[in-house]
Amino acid sequence: MERRLPSVDRLLRAVPGWAGLPGPMAAMVVRRVVREWREAAMGGVAPPDFEVAVEVVRVEMELLARRRIGVVINGTGVLLHTNLGRAPLAAGVAARVAEVASSYHNLELDMETGERGGRGEFLETALALLSGAEAATVVNNCAAALVLMLRHLTGGGRREVVISRGQLVEIGGGFRVPEILETSGAILREVGTTNRTTLEDYRRAIGAGTAAVLRVHRSNFVMEGFTGEPGLGELAGLARECGVPLVEDLGSGAVVDTAQFAGLGHEPTAAESLAAGVDLVCTSGDKLFGGPQSGLIFGKRELVRGLKRDPMYRVLRCDRLAYVALQETAAMSLEAGVGRAAGGVPLMAMLGVGVEELEGRAEAVVGMARAIGGKVELEVVRSEARCGGGTMPKGVIPSVALRVTLRGVGADEAARRLRLGRVAVLGRVAGGAVLVDLRTVLPGHDGALGEMLGRLG
Ligand SMILES: *Cc1c(COP(=O)(O)O)cnc(C)c1O
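One numbering rule holds for all chains: residues counted from 1, following each sequence as written. The predicted origin of the model limits local features to residues at a pLDDT of at least 70 and limits the giving and counting of side-chain atom pairs to 80 or more, whereas totals for whole chains, interfaces and linings rest on all residues. To obtain the side-chain values, all non-hydrogen atoms of the structure were included, while hydrogens and water were left out.

(A) Quick look at the overall build of the protein. Going along the chain from the N terminus, every DSSP run of H or I of four or more residues is numbered as a helix, and every run of E of two or more is numbered as a strand. Helix and strand content of the protein: 17 helices and 15 strands. Along the three orthogonal principal directions, the C-alpha set of the protein runs to about 85 × 55 × 50 Å. Across the 457 residues in the protein, those meeting the buried criterion constitute 47%. Contacts spanning at least 24 positions in sequence make up 74% of the contacts within the protein whose residues lie at least 6 apart. Only four residue types enter the charge count: Lys and Arg as positive, Asp and Glu as negative, with His and the chain ends excluded. Charged side chains are reduced to one point each, which is NZ for Lys, CZ for Arg, CG for Asp and CD for Glu. One finds the centroid of the 53 positive side-chain charges in the protein at a distance of 5 Å from the centroid of its 52 negative side-chain charges. Relative accessibility thresholds used throughout: buried, under 20% of the residue-type maximum; exposed, over 50%; partly exposed, between the two (1.4 Å probe, protein chains only). The contact criterion used throughout is that any non-hydrogen atoms of two residues lie within 4.5 Å.

(B) Expanded view of the site of the ligand. Taken together, Arg86, Asn141, Cys142, Ala143, Ile171, Phe175, His217, Ser219, Asp249, Gly251, Ser284 and Lys287 make up the full set of residues near the ligand. Residues adjacent in sequence count toward polar contacts only when both atoms are side-chain atoms; beyond that, a polar contact is any pair of N or O atoms within 3.5 Å, and within protein one must be able to donate a hydrogen and the other to accept it. Arg86 is positioned with one of its side-chain polar atoms (N or O) 2.9 Å from an oxygen atom of the ligand. Measuring from an oxygen atom of the ligand, one finds a side-chain N or O atom of Lys287 at 2.8 Å. Across the complex, the protein chains shield 92% of the 380 Å² of accessible surface that the ligand would expose by itself. Contributions of two or more residues to the shell around the ligand are made by α6 (142-153) and β8 (246-251). Only Asp, Glu, Lys and Arg are considered charged in this grouping, and only Ala, Val, Leu, Ile, Met, Phe, Trp, Tyr, Cys and Pro are considered nonpolar; every other residue, Gly among them, is considered polar. Tallied by class, residues from the shell around the ligand come to four nonpolar, five polar and three charged. Being near a molecule or strand, for a residue, means having at least one of its heavy atoms within 4 Å of it. We get accessible surface area from the Shrake-Rupley algorithm with a probe of 1.4 Å; when it comes to residues, only the shown protein chains can shield them.

(C) Broad picture of empty space enclosed by the protein. Grid points spaced at 1 Å over the protein atoms alone were grouped into cavities, where a 1.4 Å probe fits but cannot get out, and pockets, open sets with protein on both sides within 12 Å along at least five of seven lines, with lining residues defined by an atom within 4 Å of a point. Grid points are joined across faces, edges and corners, and a volume is the space filled by probe spheres set on the points. What the rule picks out here adds up to one cavity of 30 Å³ or more. When its volume is computed, the largest cavity comes out at roughly 40 Å³. The wall of the largest cavity is formed by Val255, Val256, Leu288, Phe289, Ser333, Arg340, Ala341, Ala342, Val345 and Met348. Partitioned by chemical class, the residues of the lining of the largest cavity number eight nonpolar, one polar and one charged.

This is the structure we're talking about:
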């Protein structure tokens, strides 16, 4: 045991800027690393010399600093990437959020009377208009919306929720419909079989204990072959006849016909469900709607009013930032016209952009990278993008990617280096290269992408 343990203070002083970490966090990292060296020293392992120690500490600080949520360039070709925050907000929407959030604002104030007012009346009005609903409201996410609806409806004497066995699905990220149902206190009444459920199956199951009929959209998988279930209109007719509400979890939350976008089929909308006679519909706010994390609820006025009076609504309510982001996104969609894709909503723009335009951008990015003149090899290739976020699993969107290879370096390692650049670039590894798909790169990031590729080494 020749070498002495470096002191925490000396190490801290030797790493300028601490990788951007707050002082106490940087000190914590140093103490942890020094403790490990001390323990190793007791086993006879000498601590590293000072220069190496500084380097180890700096790398550890950077590892922690990278856990800080920050901007990444999404080159995965997956538009709604749950690990990357799903839908990006429009710059104008985000600016409005920043402006309102850094000031006092009329979150719950009736400007006319100066008294306490409802939260989100503008937003609720906009959502109702977008979907043709009598009323609408929002909570934290779609899972919360479903729990709220079921809890509310099963809160009285009736506890049973009738659902087809073909819809007892897992949406992803631990969201399993049967578990959500149990959380809400509902009693599951399964009907039909995995592949087929008839109207008669539903009819036989509905009785004095039925609180609601639930339909869950199979967002993230498709069933083919010998399958069948009653149409929404038929089911709504039956529910009405039996005097029980029909509730639907639509998940993806399309507000326009997605079949207008190349490669995508039609995704059901809340407006269609309501028109077919569904009483309450919930969707995510950060999937195809293109807003912040939230759960949107649309439906009959009396039912929505009841939900808003439920104590659970207070527990699940959105924060002010989400209200502002949602209200501005909804306003953008309304200004484009009901049923028309709002180009200002980034998700709509990404879905709508043509392959030729993507090719032009890809060539420009290659030009920027070559001007820097690094070791990277770039090729513009055709690619396939996807909706992601558990929506439209069959949709394959024609796209354009940069095929990135780095001489003497494997594709996985090249992908890692791209992730660890000053601005993280996420691609997907395929065919011995990293593909950076332009459809999911925000146009404002093209310059940074070119620079990161040019500096890759
Ligand atoms: C995505 C999805 C959910 C979950 O939405 P969150 O907003 O993430 O809670 C629920 N149901 C369906 C059908 C979905 O597609």
